[in-house]
Amino acid sequence: MLNVKLFHIKKFIPMPYEEALAPRLKLAQSRLQNGTGEGGEFTGWVRLPRDCDRTELDRIARAAAAIRADSQALVVIGIGGSYLGARGVIECLCSPNYNLRKKTTPDIFFVGNGLDADALAEVLELVGDRDFSVNVISKSGTTTEPAVAFRFFRRKLVEKYGREGAGRRIYATTDKSRGALKALADQEGWETFTVPDDVGGRYSVLTAVGLLPIAAAGVDIGELLSGAGEMMDACTAEGCGENPAWRYAAARYQLYRAGKSVEILTCFDPAFRFMAEWWKQLFGESEGKEGKALFPASVEFTADLHSMGQYIQEGRRLMFETSVRFGPSAHQLIIPRDEQDGDGLNYLAGKSLDFVRDRAAEATLLAHTEGDVPNLVVEAGTKSAASLGALIYFFEYACGLSGYLLDVNPFNQPGVEAYKKNMFALLGKPGYEDRRAELEAGLD
C-alpha cells in the first residue's frame, strides 16, 4: 500500500497542522465525492476505477489486440492530458527505451504535442513503410497541434492502404456525440472510444484516452485499474493518518502557507521521467490560478544531483521535495570485484546496485533537509501496473483536495486559452481579424 512519509517536518511548519486542517480537508473530500464543489461536473474520475464502462474496456482490449496483431507501429496523436499519462505509464513500466527493445508489441510514437516540423518529419520517417495504426485523441478534434499531425498521418495511411483500409487502422478517442473528430469518425466509419464528459483531460489517463495505447504496449490495464480502485477506497477515509491523499495535500498546503513556492518531484528511477511530466500538468493546470499555487517542477536523481543538486542544496530556500520511491528493481545487479581496484570501489563489491541507490537516496534526503529543503516521501511499492494505478489515483485525488484548499476550481484551465486566441489571430483564422490587428500593432 502506498505510504506518505514526512521527514523533519517540525523544523519547517508548525504542528499540529493536520488537526487544524482536518475540517477543511473533510469539506474538500465531500466536494470531490459528491461533485458539489466548483467544477464538480468534472469529477467523474473520482469513482472511475470501480464504475468504468466494462463494455468499453472490452472494446479497448480487443482494439489493442488488433493493433498488436496487424501493426508494427502505433502513432498516438494528442497533446497535454491526451498523451502524457499514457506515455508516462508505458515508459515507467516498459522502459524509456521501449521502441528500441525486442518485443511482440508495436513501437509507439507520440506526436501532435508540438509544432516542430523536424520532429514530425522524423516520426514519419521512423514509421516508414511498416504497417501502422493511428490513435487520434481529441475531445473536439480542432486543437491545432494534434489536428495538424493527424492530417499528415491520415494521408500516409490512405496512401498506403487506401481510404477503406486506412479507416480500419484509425481509432478515434473523442466526445461521445459531438465535435469535429466525432463527426468525421462517424462519416468515415472509424472505431471510436469515449472521452467522458465528466472527466477533464489531465484526469483522463484511466479512461480510453490512456488505456488504449497503454494496452497496445502490453500493459495489463485491469491491474492498473485494480490498483487505482484500491487507492480510491483508501481515499474515502478521513484523517491524515488513514488517508495518504489527505496527508500529502495537508503537508504541501502548509508548506505553501509557510512560504515555499516550488514543489520539486524527484525519483531515483529514470523511467519515471514522463510520469513526472504528467504530474506537472496535473498540478500546474489544476492549481495555477488567481496568482496562487506552488510551481510544480521535477528532477531526475541521481543524474540531476550533478546539475540541479547544487541549487537545491544552497540556492534560494523557496522549495520542498516530494520524492517517489519504488521497491526493489526487477533486475538485481551485483557490483563485481576488480583485482586492481583502480577506481577504489572494491568496498562496494558484492553489493547490489539497489543497495547503492537506496543509500544515495537516504544521503540526499538528509543533505537536503539539513540544507533547509523539506522532504515528503511517497513510497509506492514494487513497480507494477497495480502500484502505478494507485499512484496515479493518489496524485489525482490529492490534487483535487489541494485545489479546494486553495479555493480555486481544480478542473478548469482558463489561462490555457490565452495563447490559443493570439495564435489563431496571428495565423489568420476567420473571426479573429480585430485581435490580429491589435497583436500586430503590439509586435511592431
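As a starting point, this report considers the structure included with it.

Conventions used here
- Residues numbered from 1 in each chain as written.
- Predicted model: local features only at pLDDT ≥ 70, side-chain atom pairs only at ≥ 80, totals over all residues.
- Heavy atoms only, no water.
- Buried < 20%, exposed > 50% of the residue type's maximum accessible area, 1.4 Å probe, protein only.
- Helix = DSSP H or I, 4+ residues; strand = E, 2+ residues; numbered from the N terminus.
- 1 Å grid on protein atoms, 1.4 Å probe; cavity = no way out; pocket = protein on both sides within 12 Å on 5 of 7 lines; lining within 4 Å.
- Points joined across faces, edges and corners; volume = space filled by probe spheres on them.
- Nonpolar A, V, L, I, M, F, W, Y, C, P; charged D, E, K, R; others polar.
- Pairing = 2+ DSSP bridges.
- Axes fitted to C-alpha atoms, helices over the stretch in contact; angles between N-to-C directions.

**Description of helix α8 (residues 208-216)**
Item 1. By the criterion of burial, α8 is predominantly enclosed, with nine of the nine residues buried.
Item 2. Every buried residue of α8 is listed here: Ala-208, Val-209, Gly-210, Leu-211, Leu-212, Pro-213, Ile-214, Ala-215 and Ala-216.
Item 3. Immediately beyond the C-terminal end of α8, within one or two residues, lies Gly-218, with a positive phi of roughly 90°.

**With respect to empty space enclosed by the protein**
Item 1. For the structure shown, the criterion picks out two cavities of 30 Å³ or more.
Item 2. As a volume, the largest cavity reaches approximately 60 Å³.
Item 3. Broken down by element, the lining of the largest cavity gets its largest block of residues, four residues, from helix α10 (residues 244-257).
Item 4. Across the lining of the largest cavity, the residue classes tally to six nonpolar, one polar and two charged.
Item 5. Size it by volume and the second largest cavity reaches roughly 40 Å³.

**A closer look at the sheet that holds strand β5 (residues 170-174)**
Item 1. Spatial ordering of the open sheet is given by β3-β2-β4-β5-β6, a layout of five strands whose pairing is parallel. Only two strands of the sheet have a single neighbouring strand rather than two, namely β3 (107-111) and β6 (191-194). Ignoring strand direction, the axes of neighbouring strands in this sheet form an average angle of 20°.
Item 2. Alignment of strand β2 (residues 73-77) against β3, held across five bridges, turns out to be parallel. Paired with Val-75 across the strands is Phe-109, a residue of β3.

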